[in-house]
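# Architecture and fold: a report
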Amino acid sequence: MPDVGPTAVLPRRPLTVGELLDSAVLLLRGQARLLVPLAGLLALGEQLLLHPLRVLADARPPEYWLDAGRFGWYWLLLAVGAATEATIIALLGNPAARGAAAALLGRRAGPRELLRPAGARWGATVAIALAVGLGVLVAALLGPAWFVAYGLLGAVVPALVVDRVPAYRAPLRALGLAVRSGGRAAGIRLLGYVGWWLIRLGIGLGVFYGLMLLALVDLTDPAWALPVATAAWVGVNAVAYPALACLDAVLHLETRMRTEGLDIRLARSPAGTPEPVLLAVQR
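Rules behind the numbers
- For every chain, the first residue of its written sequence is number 1, and the numbers climb from 1 along that sequence.
- Where local features are concerned, this predicted model is filtered to residues with pLDDT of at least 70; where side-chain atom pairs are given and counted, the filter is 80 or more; whole-chain, interface and lining totals use all residues.
- Each side-chain value is worked out from all heavy atoms of the structure, with water and hydrogens disregarded.
- Helix and strand assignments come from DSSP, with helices taken as H or I runs of at least 4 residues and strands as E runs of at least 2, each series counted from the N terminus.
- For a compact globule the rule gives 2.2 Å times the number of residues to the power 0.38, and the radius of gyration it is set against comes from C-alpha atoms.
- Any residue under 20% of the maximum accessible area for its type is buried, any over 50% is exposed, and the rest in between are partly exposed; the area is computed with a 1.4 Å probe on protein chains only.
- Contacts between residues were defined by any pair of non-hydrogen atoms, one from each residue, lying within 4.5 Å.
- Charge convention: Lys and Arg are scored as positive, Asp and Glu as negative, and His as well as the terminal groups of each chain are ignored.
- Every charge is mapped to an atom, namely NZ of Lys, CZ of Arg, CG of Asp or CD of Glu.
- UniProt positions are given in the numbering used here, feature names are shortened, and annotations may be inferred rather than shown by experiment.
- Among buried residues, the Ala, Val, Leu, Ile, Met, Phe, Trp, Tyr and Cys ones that are joined through side-chain atoms within 4.5 Å form a nonpolar core.
- Cavities and pockets are defined on a 1 Å grid built over the protein atoms alone: a cavity is a set of grid points where a 1.4 Å probe fits but cannot escape, while a pocket is an open set with protein on both sides within 12 Å along at least five of seven lines, and lining residues are those with an atom within 4 Å of any such point.
- Grid points are joined across faces, edges and corners, and a volume is the space filled by probe spheres set on the points.
- Ten residues, namely Ala, Val, Leu, Ile, Met, Phe, Trp, Tyr, Cys and Pro, are considered nonpolar, four, namely Asp, Glu, Lys and Arg, are considered charged, and the remaining ones, Gly among them, are considered polar.
- As a per-residue measure, pLDDT tells how confident the predictor is, with possible values from 0 to 100.
- Each axis is a line fitted through C-alpha atoms, taken for helices only over the stretch in contact, and angles between the N-to-C directions span 0 to 180 degrees.
- Throughout this description, any angle smaller than 35 degrees is read as roughly parallel, any larger than 145 degrees as roughly antiparallel, any in the 65 to 115 degree range as roughly perpendicular, and the remainder as oblique.
- Two helices that cross are described as forming a left-handed crossing if the nearer one is turned anticlockwise from the farther one by less than a right angle, and a right-handed crossing if clockwise.

## With respect to the overall build of the chain
Looking only at helices and strands, the chain has 11 helices and zero strands in total. The N-to-C order of helical and strand elements in the chain reads α-α-α-α-α-α-α-α-α-α-α. In terms of overall size, the chain behaves like a compact globule, its C-alpha atoms giving a radius of gyration of 20 Å where 283 residues would be expected to give roughly 19 Å. Taking the principal axes of its C-alpha atoms as reference, the chain extends roughly 65 × 40 × 35 Å. Here the chain, with 283 residues, has 48% of them falling under the buried criterion. The long-range share in the chain, meaning contacts at least 24 apart out of those at least 6 apart in sequence, stands at 73%. One way to put it: in the chain the 25 positive side-chain charges average out to a point 11 Å from where the 17 negative ones average out.

## What about the UniProt feature "transmembrane region" (unreviewed entry) in the chain?
Using the residue numbers shown here, the UniProt feature "transmembrane region" (unreviewed entry) corresponds to residues 73–97, 118–141, 147–165, 190–217 and 223–251. Secondary structure content for residues 147–165 is 63% helix and 0% strand, and the end C-alpha separation is 25 Å.

## Concerning the nonpolar core
Membership of the largest hydrophobic core comes to 61 residues, with the highest contact counts inside it found for V136 and V250. Considering every element that reaches this core, the biggest residue donor is helix 2 (residues 71–104), with 13 residues. Apart from residues no more than four positions distant in its own chain, V136 is found in contact with A82, A83, A86, W146, A149 and L153.

## Thoughts on the environment of A101
Mapping A101 onto the fold places it in helix 2. Taking the C-alpha atoms as reference, A101 lies 18 Å from R189; in sequence the two are 88 residues apart.

## Looking at the layout of surface pockets
Roughly 1000 Å³ of volume is contained in the largest pocket. As for the largest pocket, its lining consists of 32 residues, and the residues nearest its centre are Y74, L78, E85, Y193 and W197. Elements represented by at least two residues in the lining of the largest pocket include exactly helix 1 (17–56), helix 2, helix 5 (145–152), helix 8 (180–214) and helix 9 (222–260). No other element matches the nine residues that helix 2 contributes to the lining of the largest pocket. Here the residues of the lining of the largest pocket sort into 23 nonpolar, four polar and five charged.

## So, unusual backbone geometry
Cis geometry is adopted by the peptide bond preceding P62, which originates at P61 and carries an omega value of 5°. Of note in this structure, D58 is not a glycine but carries a positive phi near 55°. Relative to the helices and strands, D58 is located in the loop between helix 1 and helix 2. One non-glycine residue with positive phi stands out, namely R121, at about 60°. Along the polypeptide, R121 turns up in the loop between helix 3 (111–115) and helix 4 (122–141). A relative accessible area of 24% means that R121 is categorised as partly exposed.

## Considering the confidence of the model for the chain
Summary statistics for the chain give a mean pLDDT of 88 and a share of 90% for residues scoring 70 or more. The low-confidence segment residues 1–6 (pLDDT under 50) makes six contacts with residues lying over four places distant or belonging to another chain.

## Things to note about the environment of G261
Summarising the element assignment, G261 is placed in the loop between helix 9 and helix 10 (262–268). Residues G261 and V234, spaced 27 residues apart in sequence, show a C-alpha to C-alpha distance of 39 Å.

## Re the packing of helix 1 against helix 9
Two numbers describe how helix 1 lies on helix 9: the axes approach to 5 Å, and their chain directions differ by 135°. Compared by their axis directions, helix 1 and helix 9 come out oblique. The chirality of how helix 1 crosses helix 9 is right-handed. Taken together, the residues of the contact of helix 1 with helix 9 break down into 23 nonpolar, six polar and two charged.

What follows is the structure, encoded as structure tokens:
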């Protein structure tokens, strides 16, 4: 019988919001050797991609704040930034979701297992992650619709790699789960994003201005300000992005337990057959 006590990564029962956030952190801690370096590489690529837009918008490090005279470019910068974040979180959702599924079945998946291409559906994951990014980009260009898109699309990759639904059905599966119980899953996903955004903002700016106060380097010099700010944002995002992917993973499985009775079906499954039960999506 897998551990379902307070230290379990994902107990087999519906969870409170606080327990879901704790489960996401526990999952991240168990998969950090893989998720954090992978997220760091993706976050660095994101910073390099956003740099030309920041120059066009005259957004300067470390805050990259709005220049009122270049509002159009800044709006595009925000939209592209939202899209890259959603894409990275979706990509990290592949190993995070498979790690969460293993934890629900009472075992821990190591980095070698999560990197194994067999059955990982990486091709479909990349295609869906790009589609999610495009959807968030379009929504972000329309303004507040970005929050709706982000909240509704959290379960797309978990549905693909855990539920094993066809790629074309994964978005509809994600939307269906997000709006159940009055949109509970969508609301928790947004809550997690806002919480980690505040953490990222505090640490990223704190590192930059802390170094400035210590006078270790002259951060008024753009030659220093840009690389230091880039390193600070890459470092904090290397933790925040996999944390959000882990939240998506545990939230997906918890929503299935809450609304589809997954926990009950797992408890009643014959010995040796929990994985087929996990993959048995209720239509």
